[in-house]
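Observations on the three-dimensional arrangement
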Amino acid sequence: MIDIHRLDREHLERAYGLDGQRLMPWPALNAPFEGAWCVLRAGTESTAHAHHEHEIFIALSGAAEVVIDEERHPFVAGDIVRLPVGSTHRVVNNGSADFEYYGIWWDGEMSAKFLARHVEHVR
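Before going into details, it helps to say that this report is about the structure given with it. (Residues numbered from 1 in each chain as written. Predicted model: local features only at pLDDT ≥ 70, side-chain atom pairs only at ≥ 80, totals over all residues. Heavy atoms only, no water.)

Moving on, we come to the overall build of the protein. Within the protein one finds one helix and ten strands. Secondary structure elements of the protein occur, N-terminal to C-terminal, as β-β-β-β-β-β-β-β-β-β-α. Considering only C-alpha atoms, the protein reaches an extent of 50 × 30 × 25 Å along its principal axes. Here the protein, with 123 residues, has 36% of them falling under the buried criterion. (Helix = DSSP H or I, 4+ residues; strand = E, 2+ residues; numbered from the N terminus. Buried < 20%, exposed > 50% of the residue type's maximum accessible area, 1.4 Å probe, protein only.)

Here's what the structure looks like:
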């Protein structure tokens, strides 16, 4: 059975200085990661933060800069950025159009929960 999780642009939630939609909860999905569709409005930047999870950003449309530990890098549609664990990071959109990207993060606890659910499912 196909299960499509649709983006609902009318109900994006504000967090970390941008508008987004979290992947979870999604009852049909058993995954060892979390994710969010992120829309960074023109002329804004996300809130700088750091955390213990591994994380990647996948640029979907537009152009921006990703700032990792105060080092700026161009970040454009088609790019994928791996954020070092514990790094302070943010995305800056100095352009005149919105920038959209998808963030995916995971850690050992998420992986352990996934494996436990997976074992229960296959029994």
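Next, the rest of the story.
All told, the structure shown has five aromatic pairs when counted by the stated rule. Through successive ring pairs, a cluster of aromatic residues spans F57, F75, F99 and Y101. (Phe/Tyr/Trp six-rings, centres within 6.5 Å; stacked < 30°, edge-to-face > 60°.)

It is worth spelling out the pairing of strand β9 (residues 89-93) at this point. Here β9 lies mainly inside the structure; five of its five residues are buried. Alternating residues of β9 divide into H89, V91 and N93 and R90 and V92, and every residue in both groups is buried. Alignment of strand β4 (residues 44-45) against β9, held across two bridges, turns out to be antiparallel. Bridge pairing links T44 to N93 in β9. Both strand β6 (residues 63-68) and β9 contribute to a ladder of four bridges, which runs antiparallel. Paired with V67 across the strands is R90, a residue of β9. (Pairing = 2+ DSSP bridges.)

Another aspect to go through is the sheet that holds β9. Strand order in the open sheet made by the four strands is β4-β9-β6-β7, with antiparallel pairing throughout. The sheet is open, and its two edges are formed by β4 and β7 (71-76), each paired on a single side.

The next subject is the environment of R117. Residue placement: R117 occurs in helix α1 (residues 108-122). The exposure class assigned to R117 is partly exposed, which follows from its relative accessible area of 35%. A sequence separation of 87 residues divides R117 from N30, and the C-alpha atoms of the two residues are 7.4 Å apart.

A few words now on the nonpolar core. Residues F57, V66, F75, V91, F99 and Y101 are the most contacted members of the largest nonpolar core, which totals 17 residues. If you list the elements that add at least two residues to this core, you get β3 (34-40), β5 (54-61), β6, β8 (80-83) and β10 (99-106). (Core = buried A, V, L, I, M, F, W, Y, C linked by side-chain atoms within 4.5 Å.)

What follows covers the side chain of Q21. Position of Q21 relative to the elements: it lies in strand β2 (residues 18-22). Owing to a relative accessible area of 16%, Q21 belongs among the buried residues under this scheme. A polar atom in the side chain of Q21 sits 2.7 Å from the backbone nitrogen of D8. If we ignore the near neighbours within four places in the chain, the residues touching Q21 are H5, R6, L7, D8, L12, G35, A36 and W37. (Polar contact = N/O pair within 3.5 Å; in protein donor to acceptor, adjacent residues only side chain to side chain. Contact = heavy atoms within 4.5 Å.)

This brings us to the pairing of β10. Burial within β10 is extensive, with seven of its eight residues counted as buried. Pairing of β5 with β10, which is carried by seven bridges, proceeds in the antiparallel orientation. Note on β10: the bridge partner recorded for I56 is I104.

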